[in-house]
Amino acid sequence: MNKFTKGLGACMTAIIVASGAMAEPVDDTLVINEEIEIVTRTAAPAHLSDVMDEVMSGWLFRGEETRAMEMDDFDNPGMIFVEQAEDVWNTADGTEGKSCADCHGESTEMAGVRPVYPKYVEAAGEVRTMEMAINDCRENRMGAEEWKYVGNDMVNMTALLASVSRGMPVNVAIDGPAQSTWEQGKDIYYTRFGQLELSCSNCHEDNYGNMIRADHLSQGQINGFPTYRLKNTKLNAVQDRFKGCIRDTRAETFAPGSPEFVALELYVGSRGNGLSVEGPSVRN
Amino acid sequence: MKISIIALAASVGLSTSAYAADVAPTAVSYTDGAVEMSLTGTAGDPAAGAKVLGSRSLGNCVACHEVSALPDIAFQGMIGPSLDGAGDRWSEAELRGIVANAKMMFEGTIMPSFYKDTGYIRPGNAYTGKAADGALDPLLSAQQIEDVVAYLATLKD
């Protein structure tokens, strides 16, 4: 290739990038605080083998500046809420006068909890999310009031619990007693809701990488939740995002904490098995 | 702003439903996905169709399709095929069928059905997330469908 054609090639590339016609996920690696290595793409779990080969974090679908914010805790606005939750972790609440730390120790002792949730809880006889587990602790161990499912206290605490598991692979169980709930979640994932008749899969399985108006469609992975969104400048709980997505199909949505969304969270979580826990992540 | 949009939508709804001659969404006759008969009997207006195609609050076709003839509309999507040359590739009847209910021609397509008012799962009240309040209007009126078809027919290579 001579100089002229090289120059022309570079020029053409610039034009293509500028026009937004190229919308592939970027080729980039995420290391947080120059220390925590995050798996942002890996082989798809076996249960997805007939629909995709590789699973990818939403981080790869965001712009350079947004990606950079997640590389350092001082630049990640979500970490402010992690600090707030750390204070709450160590503060007694409720009639028993206990804090989270009184039973669980340091918050870092909870490393490894986030990657396996939602999970079937034997004592409860049902699949539970972290939010449900936290409220169970508050009500039954601390004698404290339940937190609102997607309220600030709750989303902050889930951010703390995600943060101490960052870098660990998502490993949600889909078989055994969780299987029927997982199947329910899968049905919901593929159901075309609302007047626009859109399923999760229409956008996040069939069209990831494509632009829908100004939005770059990702695989809709949830390993990065809760997510600090630049759009609303706050931490967003995963089921709040589900609610927004289904609302945007012109459907009657489901409520955060509903059995339908618990099932959907289990199923979507399992689609990211093998990706690293990344919360609190930073997104558009 | 919101109120004026709602008022506009209401007035559009009222004015279109006033035409008793419109073919109702459930009465549209598809042959291999195409619809021969005009839904209104009134010729479509290409300029009005271009507006429907580009407006977020109306058809918003550009969310998924590129249209080179409308360069002022930013962020055209790439979910569906480019609409360039659609007037060469498809007959008017085929265009009408695709815009009204693309699933009749392309089974399982992601494309929403713009002239349909029943058969939804958990239909909502627009984008509120709440349940639909009674019967739904189709996403576009019969005349808006005709206008979009008229515009698409002008897109020749």
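Everything discussed here concerns the structure shown above.
Because the structure is predicted, anything quoted here is derived from the model rather than measured.

Time to look at the overall build of chain B. Helix and strand counts for chain B come out as 5 helices and 0 strands. Residues classed as buried in chain B amount to 41% of the 157 residues present. Pairs at least 24 residues apart make up 56% of the contacts formed inside chain B by residues separated by at least 6 positions.

This next bit is on the interface of chain A and chain B. How big an interface is tends to be stated in terms of the accessible area lost upon association of its parts. Between chain A and chain B, the contact holds 26 residues from the first and 36 residues from the second. Interface of chain A and chain B: buried area, both sides summed, is about 2600 Å²; carbon and sulfur atoms make up 54% of it. Three residues, A:Gln195, A:Arg213 and A:Arg250, lead the burial of chain A against chain B; their summed loss comes to 33% of the area buried on that side. If you look at where chain A meets chain B, you find 2 salt bridges. One salt bridge connects A:Glu197 with B:Lys103, and the closest N-O pair in it is separated by 3.0 Å. Taken together, the links from chain A to chain B amount to 15 residue pairs in polar contact (both at pLDDT 80 or more). By residue class, the composition of the side of chain A that touches chain B is 11 nonpolar, 8 polar and 7 charged.

Residues and elements named next belong to chain A. Within the secondary structure, Thr181 is located in helix H7 (residues 179–189). Owing to a relative accessible area of 16%, Thr181 belongs among the buried residues under this scheme. Not counting chain neighbours up to four residues away, the residues in contact with Thr181 comprise Val127, Ala263 and Leu266.

Next up on the list: the nonpolar core. Membership of the largest hydrophobic core comes to 32 residues, with the highest contact counts inside it found for B:Leu39, B:Leu53, B:Val67, B:Tyr115, B:Ile145, B:Tyr151 and B:Leu152. At the level of elements, helix H2 (46–54), helix H4 (92–101) and helix H5 (142–153) of chain B are the ones that each hand at least two residues to this core. For this core, the leading source of residues is H5(B), giving 6 residues. In terms of nonpolar packing, the next biggest core, distinct from the first, is built from 28 residues, A:Trp182, A:Ile246, A:Val268 and A:Leu275 among them.

The subject of this paragraph is the pattern of salt bridges. Residues and elements named next belong to chain A. In total, this model carries 15 salt bridges over all chains according to the counting rule given. Residues Asp248 and Arg247 are paired through a salt bridge, measuring 3.2 Å at the closest nitrogen-oxygen approach. Using a relative accessible area of 37% as the deciding quantity, one classes Asp248 as partly exposed. Taking relative accessible area as the criterion, Arg247 reaches 31% and is therefore assigned partly exposed. Notably, a salt bridge pairs Glu278 with Arg283, separated by 2.9 Å at the nearest N-O pair. The pair formed by Glu278 and Arg283 is uniform in burial state, with each residue classed as buried.

Right, let's talk about a positive patch on the surface for a bit. Together, A:Lys148, A:Lys234, A:Lys243 and B:Lys130 make up a positively charged patch on the protein surface. Relative to the helices and strands, A:Lys234 is located in strand E10 (residues 234–236). Residue classification places A:Lys234 among the partly exposed residues on the basis of a relative accessible area of 36%.

Evaluation of the coordinates by the stated rule reveals 8 aromatic pairs over all chains. Seen from their ring centres, A:Tyr189 and A:Tyr267 are 5.3 Å apart, and the 65 degrees between their planes marks the pair as edge-to-face. Taken as a pair, A:Tyr189 in helix H7 and A:Tyr267 in helix H10 (residues 259–271) lie far apart in primary sequence, 78 residues in all. There is no split in this pair, since A:Tyr189 and A:Tyr267 are both buried. A cation sits over an aromatic face here: A:Arg67 above A:Trp59, 5.6 Å from the ring centre. The cationic tip of B:Arg122 hangs over the ring face of A:Phe254; the distance from NZ or CZ to the ring centre is 3.8 Å.

Another aspect to go through is the sheet that holds strand E11 (residues 281–283) of chain A. All names here are of chain A. The 3 strands lie next to each other as E10-E9-E11, forming an open sheet whose pairing is mixed. At either margin of the open sheet sits one strand with a lone partner, and together these are E10 and E11. Strand-to-strand twist in this sheet, taken as the mean axis angle between neighbours without regard to direction, amounts to 40 degrees. Alignment of strand E9 (residues 227–229) against E10, held across 3 bridges, turns out to be antiparallel. For Tyr228, the partnering residue across the bridge sits in E10 and is Leu235.

Time to look at helix H3 (residues 78–89) of chain A. Residues and elements named next belong to chain A. For H3, with 12 residues, the first-to-last C-alpha span of 17 Å sits near the 16 Å given by 1.5 Å per residue. Turning to H3, its buried residues number three or more, namely Gly78, Met79, Val82, Ala85 and Trp89. With its buried residues spanning 105 degrees around the axis, H3 presents them on a single face. Pointing more than 90 degrees away from the buried face of H3 are the exposed residues Glu83 and Asp87.

The rules behind these values
- Residues numbered from 1 in each chain as written.
- Chains lettered and ligands numbered in written order.
- Predicted model: local features only at pLDDT ≥ 70, side-chain atom pairs only at ≥ 80, totals over all residues.
- Heavy atoms only, no water.
- Helix = DSSP H or I, 4+ residues; strand = E, 2+ residues; numbered from the N terminus.
- Buried < 20%, exposed > 50% of the residue type's maximum accessible area, 1.4 Å probe, protein only.
- Contact = heavy atoms within 4.5 Å.
- Buried area = accessible area lost by both parts, 1.4 Å probe.
- Salt bridge = Lys/Arg side-chain N within 4 Å of Asp/Glu carboxyl O.
- Polar contact = N/O pair within 3.5 Å; in protein donor to acceptor, adjacent residues only side chain to side chain.
- Nonpolar A, V, L, I, M, F, W, Y, C, P; charged D, E, K, R; others polar.
- Core = buried A, V, L, I, M, F, W, Y, C linked by side-chain atoms within 4.5 Å.
- Patch = residues over 30% accessible without salt bridge, like charges linked within 9 Å, V, L, I, M, F, W, Y side chains within 5 Å.
- Areas by Shrake-Rupley, 256 points an atom, 1.4 Å probe, with all protein chains shown as cover.
- Lys, Arg positive; Asp, Glu negative; His and termini not counted.
- Charge placed at Lys NZ, Arg CZ, Asp CG, Glu CD.
- Phe/Tyr/Trp six-rings, centres within 6.5 Å; stacked < 30°, edge-to-face > 60°.
- Lys NZ or Arg CZ within 6 Å of the ring centre and 35° of its normal.
- Pairing = 2+ DSSP bridges.
- Axes fitted to C-alpha atoms, helices over the stretch in contact; angles between N-to-C directions.
- Expected span 1.5 Å × (residues − 1).
- Arc of directions from axis to C-beta.

Just distances and angles here, no functional claims.
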